[in-house]
Amino acid sequence: MWYMIYSEDVDNSLSQRKKARPDHLARLETLKQQGRLLIAGPCPAIDADDPGEAGFTGSLVVAEFESLDEAQRWADDDPYKAAGVYAKSVVKPYKKVLP
């Protein structure tokens, strides 16, 4: 089943994000290679593709897991969480309808 993982950043998270980004992206790449990643990306702090020093306010991942517990464990093990980027994450089942 698909699960939505929405994570909110702590204030001024950009420097921590930059440090942990390679490990964060590697985990997403693994999901992609397994055919389990629907979408992933950050939420810019301002209305721009590249927010520069304004940074990001959070991230969204929609991926396939065996269960809600597995999705939650995956979210809890995110390098951004370990690096102090994320203040909290919400994990919920997701039903893809379109496209």
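Before reading on, note that the structure itself is shown above.
None of these values were measured; they are calculated from a predicted model.

Before going further, it helps to spend a moment on the environment of Thr 30. With respect to the element layout, Thr 30 can be found in helix α1 (residues 14-33). The class for Thr 30 is partly exposed, based on a relative accessible area of 39%. Sequence separation of Thr 30 and Ala 82 is 52 residues, and the distance between their C-alpha atoms is 19 Å.

Attention now goes to the side chain of Ser 13. If you trace the backbone, Ser 13 turns up in the loop between β1 (2-9) and α1. Residues contacting Ser 13, with those up to four places away along its chain left out, are Phe 56 and Val 85.

A surface patch of nonpolar side chains, amounting to about 300 Å² of accessible area, comprises Leu 38, Ile 39, Leu 60 and Tyr 94. Turning to its location among the elements, Leu 60 is positioned in strand β3 (residues 56-64). By relative accessible area, which is 30% here, Leu 60 ends up partly exposed.

Attention shifts here to the nonpolar core. In terms of nonpolar packing, the biggest core is built from 11 residues, these being Tyr 3, Ile 5, Leu 28, Leu 31, Val 61, Ala 63, Phe 65, Ala 71, Trp 74, Ala 75 and Val 91. Setting aside its immediate chain neighbours within four residues, Val 91 contacts Met 4, Ile 5, Leu 68, Ala 71, Gln 72 and Ala 75.

Moving on, we get to the sheet that holds strand β4 (residues 86-94). Strand order in the open sheet made by the 4 strands is β2-β3-β1-β4, with antiparallel pairing throughout. The two strands at the open ends of the sheet, each matched to only one other strand, are β2 (37-44) and β4. On average, each strand axis in the sheet is tilted by 10° relative to the strand beside it, whichever way the strands run. In terms of strand pairing, β1 meets β4 through 8 bridges, oriented antiparallel. Pairing of Trp 2 across the sheet is with Tyr 94, part of β4. Here α1 sits on the sheet and contacts β1, β2, β3 and β4; the angle it forms with β3, its principal contact strand, is near 10°. In the packing of helix α2 (residues 68-76) onto the sheet, contacts are made with β1, β3 and β4, and the angle to β4 comes to roughly 155°.

Each value, and the rule that gives it
- Throughout this description, residue numbers start from 1 for each chain and increase along the sequence as written.
- Under the rules for a predicted model, residues below a pLDDT of 70 receive no local features and side-chain atom pairs below 80 are neither given nor counted, while totals for whole chains, interfaces and linings still include all residues.
- Working from all heavy atoms in the structure, the side-chain values ignore hydrogens and water.
- Secondary structure elements follow DSSP: runs of H or I no shorter than four residues count as helices, runs of E no shorter than two count as strands, and numbering proceeds from the N terminus.
- Relative accessibility decides the category of a residue: with a 1.4 Å probe and only protein chains considered, values under 20% of the type maximum give buried, values over 50% give exposed, and everything between is partly exposed.
- Two residues form a contact once any of their heavy atoms are found within 4.5 Å.
- A residue counts toward a patch only above 30% relative accessible area and without a salt bridge, and it is joined to like-charged neighbours within 9 Å or, for Val, Leu, Ile, Met, Phe, Trp and Tyr, to nonpolar neighbours within 5 Å.
- For every accessible area listed, the method is Shrake-Rupley and the probe measures 1.4 Å; residues are considered covered only by the protein chains on display.
- The term salt bridge refers to a pairing of a side-chain nitrogen on Lys or Arg with a carboxyl oxygen on Asp or Glu at a separation within 4 Å.
- Only buried residues count toward a nonpolar core. Its members are Ala, Val, Leu, Ile, Met, Phe, Trp, Tyr and Cys residues joined through side-chain atoms within 4.5 Å.
- The pairing criterion is simple: DSSP has to find at least two bridges between the two strands.
- For every element, the axis is a line fit to its C-alpha atoms; helices are fit only across the contacting stretch, and the angle between N-to-C directions ranges from 0 to 180 degrees.

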